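# Analysis of the macromolecular model
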Amino acid sequence: MIPALMPTYNRADLAFERGEGARLWTDDGRRFLDFGAGIATSSLGHGHPHLTKAIAEQAARVMHVSNLYRVKQAEELAARHVAASFADSVFFCNSGAEANEGMVKAVRKYHAENGHPERFGMICFEGAFHGRTLAMLAATGNEKYLAGFGPPVEGFTHVPFDNMNALRAAITPQTGGIMIEPIQGEGGVRPAPLRFLRELRQVCDEFGLLLALDEVQSGMGRSGKLWAHQWADIEPDVMSAAKGIGGGFPLGAILAKEKVAKHLKPGTHGTTYGGGPLACAAGLAVMDVVMAPGFLDQVDRVARHLWRGLLGLAERHPEVIEGVRGAGLLLGIKLTPGVSNGDMQAAAVAEGLLTVAAGMNVLRLAPPLIITEAEADEAVALLDRACRRLTPQKAQAAAQ
């Protein structure tokens, strides 16, 4: 018999009943240090007082009114995102996949309105992950995810990550934009070199393409700057965001320059729940915390401390760890061929640490942005013990 809850996930046998900061407790009383954060989503951790208060107060007033009417919370949140970014205008939705769908629509609409409807193609990258809708499966390009869902949506070409020659060769008269994650999360926690991001901006300017950045996972402070592309000192034409911008409450966004946003006129795009009062109240609370003086500096400082700890971990366990990669508080531990990320994830759980698997046999660390250096040290210590679980001879020697 199929379970009532459709079995689309391979779920761990853990059920959490409460959380505080970077910690979660199961319904049977076990405590875990959460370095997954709902896959880089619970940006302020669990039970953050400012966020939970904002959600509770707004829920008691009005949760939903539809976009047939003005939503002041959305207007305020959009204005704050515009003030803190490259964007001139913002569209709110519910998820990263929805934001990416809207971003691609915006690119296509821009070219159509400027007399080039044939320029609907997007160049994407091997190892990408842009979501699970039919179009975003095509943008992702992973055959495993595409299998069984019919012909892929037209208009997406894939080239190797960080290969400018291949990218230039892929540009055709039908190309409208380049879509890239500044840090590939699902694809193995691979940051795009800053040089490569700058080259992409130059190529877009050269060929009249739009640079579309997927910052669903890398954005909202996770890199140590508000948006990861800011490390490269570039600006996209349009960008998707989600995950951390709502702190765990469903919220997505498309941020765009005026030349792109002005073509999404009434009737061209929409959403039922996106930009509602409750979601935007959550988004405003997250902005209050992330944009507070010193917060992003603290994220960067703790991230560098964690990075150093992981490098030391790799030196101590070369039989388990090949290397460390990523940026900010989106980090990956590349494991040796003899150790699977599933085994490492299970070993970490046994020690009381929650992590997330990623492609290329990588264990992903994406903790809440509010973690301390002491919690980073604790995570490294738990990972050290997890590594010892996977090297029995070393554990035996340590016990003697």
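Predicted, not measured: the structure shown is a model, and the values here were computed from it. (Residues numbered from 1 in each chain as written. Predicted model: local features only at pLDDT ≥ 70, side-chain atom pairs only at ≥ 80, totals over all residues. Heavy atoms only, no water.)

## Let's talk about the overall build of the protein chain
Keep this limit in mind: Comment: elements are numbered from the N terminus, with helices defined as DSSP H or I runs of at least four residues and strands as E runs of at least two. Burial status follows relative accessibility: with a 1.4 Å probe on protein chains alone, a residue under 20% of its type maximum counts as buried, one over 50% as exposed, and anything between as partly exposed. Here, residues are in contact when the closest pair of their heavy atoms is within 4.5 Å. Only the protein chains shown count as cover for residues, with accessible areas throughout obtained via the Shrake-Rupley method and a probe of 1.4 Å.
Each helix and strand in the protein chain was counted, giving 14 helices and 17 strands. Each of the three principal axes of the protein chain carries a C-alpha extent, and together these read 75 × 55 × 55 Å. Burial analysis of the protein chain (400 residues in total) assigns 52% to the buried set. The contacts in the protein chain between residues at least 6 apart in sequence include a share of 72% that link residues at least 24 apart. Surface accessibility of the protein chain: about 17800 Å² in total, with carbon and sulfur atoms responsible for 54%.

## Thoughts on the sheet that holds strand β12 (residues 252-256)
Each strand in a sheet pairs with its neighbour through backbone hydrogen bonds, running either in the same direction (parallel) or in the opposite one (antiparallel). In plain terms, the rule: Strand pairing follows a simple DSSP-based rule, namely that at least 2 bridges must link the two strands. Interaxial angle, 0 to 180 degrees, is taken between N-to-C directions of lines fitted to C-alpha atoms, where a helix line uses only the stretch in contact.
With respect to topology, seven strands assemble into an open sheet ordered β4-β12-β11-β10-β7-β5-β6, the strand pairing being mixed. Edge strands, defined here as strands with exactly one partner in the open sheet, are β4 (89-93) and β6 (156-159). When the angles between neighbouring strand axes are averaged without regard to direction, this sheet yields 20°. The sheet contact formed by strand β7 (residues 175-180) and strand β10 (residues 210-214) spans four bridges and is parallel. For Gly177, the partnering residue across the bridge sits in β10 and is Leu210. Across the sheet, helix α4 (residues 96-113) is in contact with β4, β5 (121-125), β6, β7, β10, β11 (238-241) and β12; its angle to β10 comes to roughly 175°.

## Overview of the pattern of salt bridges
Here is the rule: By convention in these notes, a salt bridge is any Lys or Arg side-chain nitrogen within 4 Å of a carboxyl oxygen on Asp or Glu.
If you walk through the whole model with that rule in mind, you get 20 salt bridges. Through salt bridges that share partners, Arg201, Asp205, Asp237 and Lys259 make up one connected network.

## So, unusual backbone geometry
The residue Asp233 is not glycine, and still its phi comes out positive at about 60°. Its location among the elements puts Asp233 in the loop between β10 and β11. Within the chain, Lys243 stands out as a residue other than glycine whose phi angle is a positive 45°. Relative to the helices and strands, Lys243 resides in the loop between β11 and β12.

## Quick notes on the pairing of strand β1 (residues 16-20)
Here four bridges tie β1 to strand β2 (residues 23-26), and the two strands are oriented antiparallel to one another. By the bridge assignment, Glu20 is partnered in β2 with Arg23. In sequence, β1 turns back onto β2 through a hairpin of two residues, with Gly21 there showing a positive phi of about 65°.

## Comments concerning helix α8 (residues 194-207)
Operational definition: By this rule the span expected of a helix is its residue count minus one, scaled by 1.5 Å. The arc refers to the directions leading from the helix axis to the C-beta atoms.
Here α8 is 14 residues long and its end C-alpha atoms lie 20 Å apart, about the 20 Å a rise of 1.5 Å per residue gives. Buried within α8 we find Phe196, Leu197, Leu200, Arg201, Val203 and Cys204. End-on, the buried residues of α8 take up no more than an arc of 165°, which puts them together on one face. In α8, the exposed positions angled more than 90 degrees off the buried face are occupied by Gln202 and Asp205. Positive phi appears at Gly208, one or two residues downstream of α8, with a value of about 70°.

## So, the packing of helix α3 (residues 72-83) against helix α10 (residues 277-290)
For clarity, the threshold we go by: Crossing handedness is defined as follows: a turn of the near helix away from the far one that is anticlockwise and smaller than a right angle gives a left-handed crossing, while the clockwise case is right-handed. Each residue gets one label: Ala, Val, Leu, Ile, Met, Phe, Trp, Tyr, Cys and Pro are nonpolar, Asp, Glu, Lys and Arg are charged, and the others, such as Gly, are polar.
Their axes nearest at 8 Å, the elements α3 and α10 cross at an angle of 35°. The element α3 and its partner α10 pack so that their crossing is left-handed. Taken together, the residues of α10 that come into contact with α3 (itself represented by Gln73, Ala74, Glu76, Leu77, Arg80 and His81) are Pro277, Cys280, Ala281, Gly283, Leu284, Met287 and Asp288. Each residue belonging to the contact of α3 with α10 can be placed in one class, and the counts come to seven nonpolar, three polar and three charged.

## Observations regarding the confidence of the model for the protein chain
Spelled out, the test is: pLDDT is defined as a per-residue confidence score from the predictor, taking values between 0 and 100.
Put simply, the protein chain has an average pLDDT of 96, and 98% of its residues get 70 or more. In this model, residues 395-400 is a region of pLDDT below 50 whose contacts with residues beyond four sequence positions or in other chains number two contacts.

## Quick notes on the environment of Ala350
Here Ala350 is to be found in helix α12 (residues 341-351). The spatial distance from the C-alpha of Ala350 to the C-alpha of Leu382 is 9.4 Å, given a sequence separation of 32 residues.

## As for the sheet that holds strand β16 (residues 356-358)
One open sheet holds the four strands; their spatial order is β13-β14-β17-β16, and the pairing between them is antiparallel. A strand with exactly one partner marks an edge of an open sheet, and here the two such strands are β13 (321-327) and β16. On average, each strand axis in the sheet is tilted by 30° relative to the strand beside it, whichever way the strands run. Where β13 and strand β14 (residues 330-335) come together, six bridges link them in antiparallel fashion. Bridging across to β14, Arg325 finds its partner in Gly332.

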